[in-house]
Amino acid sequence: MPAAPQASRSPSRRTVDQRPAKGKDHSMSRIVIVGGHGKVALLLAPILAARGDDVVALIRDPAQSADVAAAGAVPKVLSVEEASTEDLAGAFAGADAIVWTAGAGGKGGPGRTDAIDRAAAIRSMDAASRAGVRRYVMVSWVGSHGDDPLPANHPLRNYALAKLAADRHLVETDLEWTIVGPGTLTLEEPSGKIDVRRQNGQGDSLYTSRGNVAAVAAAVLAEPASIGKVIPFGDGATPIAQAVESVPAEFSDLS
């Protein structure tokens, strides 16, 4: 996910109340977050923990353990860039759902972007199937759709192609998947409201707070109607629970 330029500061720990809406049951689940020390992951973990989920966060560096534990997750050290499908399946054993929030973040050049955003993501999907985990939520980006998401000279083209390849692999699996596609990420406070839409040309700016991304990921885990849907979005005016329950058909796939 591309990020908007921001002053250097830690992500806000304010979270949006994403307990299931009245009338929806939510039983405790074991959720594995891949990319567990990322900004979105550190905002997602406390939402899940607060509603009673057992949260495990995969991290690459043991030094990240304290931050993850403070967010309410159990840290598990495993580099997804280096882990095999078998390694990931072992880490996923006993889970009810996987949430992919990992990414190269533009570091290491095109090779590393492909290694993490495409290859490792695909291994995680195959590992989920191997481990018997049915539910899989991919945090992608709003531009991941169509045949050629960005011009050849665009600085994010390699990222876009890697994400799109991973997303296309996911929709061909037998997993119960949801792809959430936020716009340009910001560190603004989460509003709890989004608009499900795509960008209307290069002049259309679509910004999304990381807190809202975390809230959307939590919401789709509790919303069966989101299974098999692509949900592109930015900050907006529709309560998140309502938005992920009724995704317009024109946006709900990768076309």
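(A) Broad picture of the overall build of the chain. Per the secondary structure count, the chain includes seven helices and eleven strands. Of all intrachain contacts in the chain linking residues separated by at least 6 positions in sequence, the fraction that spans at least 24 positions is 71%.

(B) Summary view of helix α5 (residues 157–171). The end-to-end C-alpha separation of α5 is 21 Å, in line with the 21 Å expected for 15 residues at 1.5 Å each. Along α5, the residues that are buried comprise R157, Y159, A160, A162, K163, L164, A166, D167 and L170. The secondary structure elements touched by the buried residues of α5 are β4 (97–100), α4 (109–131), β5 (135–139) and β6 (176–182).

(C) View of the packing of helix α3 (residues 85–92) against α4. Orientation of α3 relative to α4, taken along the N-to-C sense of each, is 55°, at an axis distance of 8 Å. Relative to α4, α3 is oriented oblique. Handedness of the α3/α4 crossing: right-handed. From α3, T85, E86, L88, A89 and F92 reach across to α4, where they touch A120, R123, S124, D126, A127, A128, R130 and A131. By residue class, the composition of the contact of α3 with α4 is seven nonpolar, two polar and four charged.

(D) Spatial organisation of the environment of T101. Along the polypeptide, T101 turns up in the loop between β4 and α4. Exposure remark for T101: the relative accessible area of 12% places this residue in the buried category. Through-space distance from the C-alpha of T101 to that of D117 is 9.7 Å; in sequence the pair is 16 residues apart. Here T101 is in contact with I33, V34, G35, V40, A41 and V139, once residues within four sequence places are set aside. In this structure the side chain of T101 is engaged in a polar contact, spanning 3.1 Å, whose partner is the backbone oxygen of G35.

(E) Representation of the packing of α4 against α5. Two elements in contact, α4 and α5, have axes whose closest approach is 9 Å; the angle formed by their N-to-C orientations is 10°. Classified by the angle their axes make, α4 and α5 are roughly parallel. Across the interface between the two elements, P110, T113, D114, D117, R118, A121, I122, M125 and D126 of α4 pack against N158, Y159, A162, K163, A165, A166, H169 and L170 of α5.

(F) Structural view of the pattern of salt bridges. Inspection of the entire model under this criterion finds seven salt bridges. Across the pair D53 and R51 runs a salt bridge, and its minimum N-O distance is 2.9 Å. Here D53 and R51 have matching classes, each one buried. The closest approach of N and O atoms between D114 and R118, which form a salt bridge, is 2.7 Å. Placement of the pair is D114 and R118 together in helix α4, with a separation of four residues, close to one helical turn. Assessed through its relative accessible area of 29%, R118 is described here as partly exposed.

Quick notes on the rules
- Residues numbered from 1 in each chain as written.
- Predicted model: local features only at pLDDT ≥ 70, side-chain atom pairs only at ≥ 80, totals over all residues.
- Heavy atoms only, no water.
- Helix = DSSP H or I, 4+ residues; strand = E, 2+ residues; numbered from the N terminus.
- Contact = heavy atoms within 4.5 Å.
- Expected span 1.5 Å × (residues − 1).
- Buried < 20%, exposed > 50% of the residue type's maximum accessible area, 1.4 Å probe, protein only.
- Axes fitted to C-alpha atoms, helices over the stretch in contact; angles between N-to-C directions.
- Parallel < 35°, antiparallel > 145°, perpendicular 65-115°, else oblique.
- Left-handed = near helix turned anticlockwise from the far one by under 90°.
- Nonpolar A, V, L, I, M, F, W, Y, C, P; charged D, E, K, R; others polar.
- Polar contact = N/O pair within 3.5 Å; in protein donor to acceptor, adjacent residues only side chain to side chain.
- Salt bridge = Lys/Arg side-chain N within 4 Å of Asp/Glu carboxyl O.

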